[in-house]
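Remarks on the overall topology
So you can see what is in the structure, the chains are spelled out below.
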Amino acid sequence: MSALEQTELLTPNTLDEALRFLADENTRGTLLCGGTDLMVQWEAGVRPAPARVINIKGLTELSEIKMENGALVIGAGVTHAALRHSSLVIQCAPSLAEAAATVGGAQIQALGTIGGSIGNASPASDMAPSLLVADAIAELASVRGIRKVPLPKFILGYRKLDLAPDELIVRFHLAPMPVGAKENWHKLGPRAAQAISKVMGSYRGKVESGRISLFAVALGSVAPTAVRLPEIEQWLIGRAIDAETLKGAEKRTSDIVKPIADIRSTAEYRRWVSGRLVRGFLEHLASPS
Amino acid sequence: MGQGTFTIMPQIVADGLSVNMNRVRCPNPDTKFVPDSGPTVASRTTMVVGSTLFDAAIKLKAQMEAYASEAFFGGAPAELNEHFFKNTYTNETIPFERVADRLIKEKGPQRVYNQFKLPPQIRWDQRTFVGDSYPSYSWGCNVAEVEVNPLTLEIKVKKVTSFWDIGRVINPVLAKGQIEGGLTQALGFALMEKMGIKDGLFDASRMQTYVVPTALDTPEMSIDFLEFPFTGTALGAKGVGEVPIDGLAPAIANAVESATGVRINELPITPEKLLSKLGAVV
Ligand SMILES: Cc1cc2nc3c(=O)[nH]c(=O)nc-3n(C[C@H](O)[C@H](O)[C@H](O)COP(=O)(O)OP(=O)(O)OC[C@H]3O[C@@H](n4cnc5c(N)ncnc54)[C@H](O)[C@@H]3O)c2cc1C
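Remember, it's a predicted structure, so these values are computed and weren't measured experimentally. (Residues numbered from 1 in each chain as written. Chains lettered and ligands numbered in written order. Predicted model: local features only at pLDDT ≥ 70, side-chain atom pairs only at ≥ 80, totals over all residues. Heavy atoms only, no water.)

Overall, the predicted model of chain B reaches an average pLDDT of 93, with 98% of residues at or above 70. Scoring the predicted complex yields pTM 0.90 and, for the interface, ipTM 0.92. (pLDDT = per-residue confidence, 0-100.)

Attention now goes to the interface of chain A and chain B. Between chain A and chain B, the contact holds 23 residues from the first and 24 residues from the second. In total, about 1,900 Å² of surface goes out of reach between chain A and chain B, with carbon and sulfur atoms giving 62% of it. Area buried by chain A at its contact with chain B is led by Arg191, Ile263 and Trp272 of chain A, which between them contribute 35% of it. Connecting chain A to chain B are one salt bridge. (Contact = heavy atoms within 4.5 Å. Buried area = accessible area lost by both parts, 1.4 Å probe. Salt bridge = Lys/Arg side-chain N within 4 Å of Asp/Glu carboxyl O.)

Residue and element names in this part refer to chain A. Lining the immediate surroundings of the ligand are 34 residues, of which Leu31, Gly34, Thr36, His80 and Thr113 lie closest. Thr113 places a side-chain nitrogen or oxygen 2.6 Å from an oxygen atom of the ligand. In the environment of the ligand, an oxygen atom lies 3.5 Å from a nitrogen or oxygen atom belonging to the backbone of Asn120. Across the complex, the protein chains shield 88% of the 980 Å² of accessible surface that the ligand would expose by itself. Contributing elements (two or more residues each) for the shell around the ligand: strand 2 (30–32), helix 2 (38–44), helix 7 (114–119) and strand 10 (168–174). (Near = heavy atom within 4 Å. Polar contact = N/O pair within 3.5 Å; in protein donor to acceptor, adjacent residues only side chain to side chain. Areas by Shrake-Rupley, 256 points an atom, 1.4 Å probe, with all protein chains shown as cover. Helix = DSSP H or I, 4+ residues; strand = E, 2+ residues; numbered from the N terminus.)

This paragraph deals with unusual backbone geometry. Looking along the chain, the bond that leaves Leu267 of chain B and enters Pro268 of chain B is cis, with omega of -5°. Relative to the helices and strands, Pro268 of chain B resides in the loop between helix 5 (248–260) and helix 6 (271–278). At Asn69 of chain A, a position not held by glycine, the phi torsion is positive, near 50°. Along the chain, the position of Asn69 of chain A falls in the loop between strand 4 (65–68) and strand 5 (71–75). Accessibility expressed as a relative area gives 80% for Asn69 of chain A, which makes it exposed. (Buried < 20%, exposed > 50% of the residue type's maximum accessible area, 1.4 Å probe, protein only.)

This next bit is on the pattern of salt bridges. For side chains bearing opposite charge, pairing can occur when the charged atoms are close. In total, this model carries 28 salt bridges over all chains according to the counting rule given. The salt bridge involving Arg279 of chain A is made with Glu283 of chain A; its shortest N-O contact spans 3.8 Å. Of this pair, Arg279 of chain A and Glu283 of chain A are both found in helix 12 (residues 267–286), four residues apart, which corresponds to roughly one turn of the helix. Take Arg279 of chain A: its relative accessible area is 17%, and that puts it in the buried class. Glu106 of chain B is the partner of Arg102 of chain B in a salt bridge, and the nearest nitrogen-oxygen pair spans 3.4 Å. In this pair, Arg102 of chain B and Glu106 of chain B both sit in helix 3 (residues 96–107), four residues apart, roughly one turn of the helix.

Below is the structure:
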């Protein structure tokens with residue numbers, strides 16, 4: 001028997017209809033987009049099957065990728081497959097396209113969405129680091145109106161979001177990568193595909209006249225949420241990328257992060273490799289290509 | 001799926017009978033009809049069951065040839081060759097179907113009985129543990145090319161080159177497939193599969209936590225056979241069941257040692273273990 005035998009399914013045709021369902025306690029339900037997190041959690045019994053599900057998969061209002069007022073706007077219902085192949089994303093937030101290409105496998109990429117990845121609020125979301133380095137803002141909607149919340153304020157903790165019961169994520173607004181800047185994504189998993197990250201991260205950086213003028217770095221799976229590392233970023237601004245900088249950034253990062261041990265890795269490795277990833281990002285930034 | 005037993009057994013029987021493989025049917029084994037042949041162990045199916053069937057097929061062939069000789073060739077020797085029985089004195093041929101039809105009408109279905117016998121030189125004394133406990137062994141040699149990322153200590157197996165002596169190779173495609181599968185399993189054994197016990201329960205209780213290799217982890221594989229047929233049976237085949245999983249993990253351990261200078265002597269070999277041996281001084 002399916003875990004969902006008793007669950008009612010509502011499929012709104014428009015975003016407005018979805019918001020009206022969410023606003024009314026008699027039609028409110030768990031949002032389902034690609035279902036790649038939820039279906040697994042329900043069937044495994046990790047999460048009880050809800051009384052009602054609102055299926056927002058395919059809503060056109062959630063499916064767009066476009067430039068708007070100088071921001072890269074990505075609908076919450078955009079799939080990993082669409083992200084990795086979007087020329088806008090590849091151009092304006094390349095590490096996000098790279099990250100999308102490492103999510104699960106082809107099937108999960110075809111169904112799973114960026115909204116679901118953030119909506120699931122897991123520290124292992126492969127979408128979070130690249131969104132963080134692009135200063136992403138989550139746009140939330142309800143019948144009461146629109147709220148725009150920067151991602152670090154939206155993801156509050158392990159499985160905790162600043163999302164009211166009548167709200168949903170409509171899209172994310174990203175600052176496009178500045179001209180002359182670079183990005184990179186590095187995922188460490190226990191295998192090459194279908195892997196939950198041990199540690200992963202993204203950076204966005206720029207060097208001008210031999211000195212770092214921009215550096216944003218975010219790591220995942222090292223804390224209850226994905227985190228930016230402002231202390232490292234500030235320490236790096238104005239420095240040349242030399243052996244001392246590399247060593248200093250690596251050590252400082254390893255000192256700052258406080259990862260845990262679990263079945264996928266040890267705290268010791270996670271702490272060490274966090275520093276190594278930052279070193280790798282700086283080497284990437286310094287490399288000629 | 002499966003090890004290909006239902007393909008190679010008809011192949012072996014067809015070979016012993018000198019008939020086309022599509023004349024051979026291989027029913028599901030059922031202990032109502034076949035004797036207990038011992039456990040499914042030690043990669044012995046091809047060598048033991050295959051040899052038993054091969055020798056039985058040769059007996060059945062001789063039985064049919066004797067009938068053809070007597071019923072059709074007035075006592076001149078008959079030889080079954082694919083579609084015909086041939087009178088070896090006159091080269092006269094009679095289609096297989098004609099001989100078979102008449103044989104069944106006159107004498108009913110033909111049965112032969114054959115039992116596997118260990119070659120006489122193979123002796124094992126269970127009391128003193130002296131002798132050969134198995135009549136033959138398959139052998140393999142694996143070379144692993146491994147890359148260890150100096151930034152993160154991630155381990156990637158780039159290529160595996162391997163040679164195998166499994167005796168006479170009955171079906172090269174299936175044998176290669178079995179070896180590819182075994183090497184992939186060995187890759188998981190070497191680099192990722194781990195099952196710990198926490199509070200009396202397995203900590204890796206699901207496929208999410210018990211990590212096995214994906215297609216993307218699987219390296220290029222070069223697989224070749226060196227055939228030294230086993231001399232103790234007419235078939236000459238040994239087994240290819242378990243041998244592919246045996247050698248790759250040590251080969252990977254050696255390659256990782258040659259790349260990093262540290263020896264990990266506990267599987268799986270992980271970046272975490274390399275780090276704790278190397279210290280954070282990379
Ligand atoms: C085999 C497998 C491999 C995976 N591999 C990876 C991986 O490598 N990396 C990775 O990061 N993840 C991975 N995942 C997790 C998951 O697939 C992704 O995080 C995916 O992006 C989730 O999106 P979804 O649309 O399927 O979410 P759903 O399952 O539909 O929803 C997930 C959560 O988000 C909420 N939600 C969905 N849309 C919205 C919205 N618009 N507003 C508010 N809340 C919303 C839902 O209510 C639910 O709580 C994997 C999952 C599986 C099953």
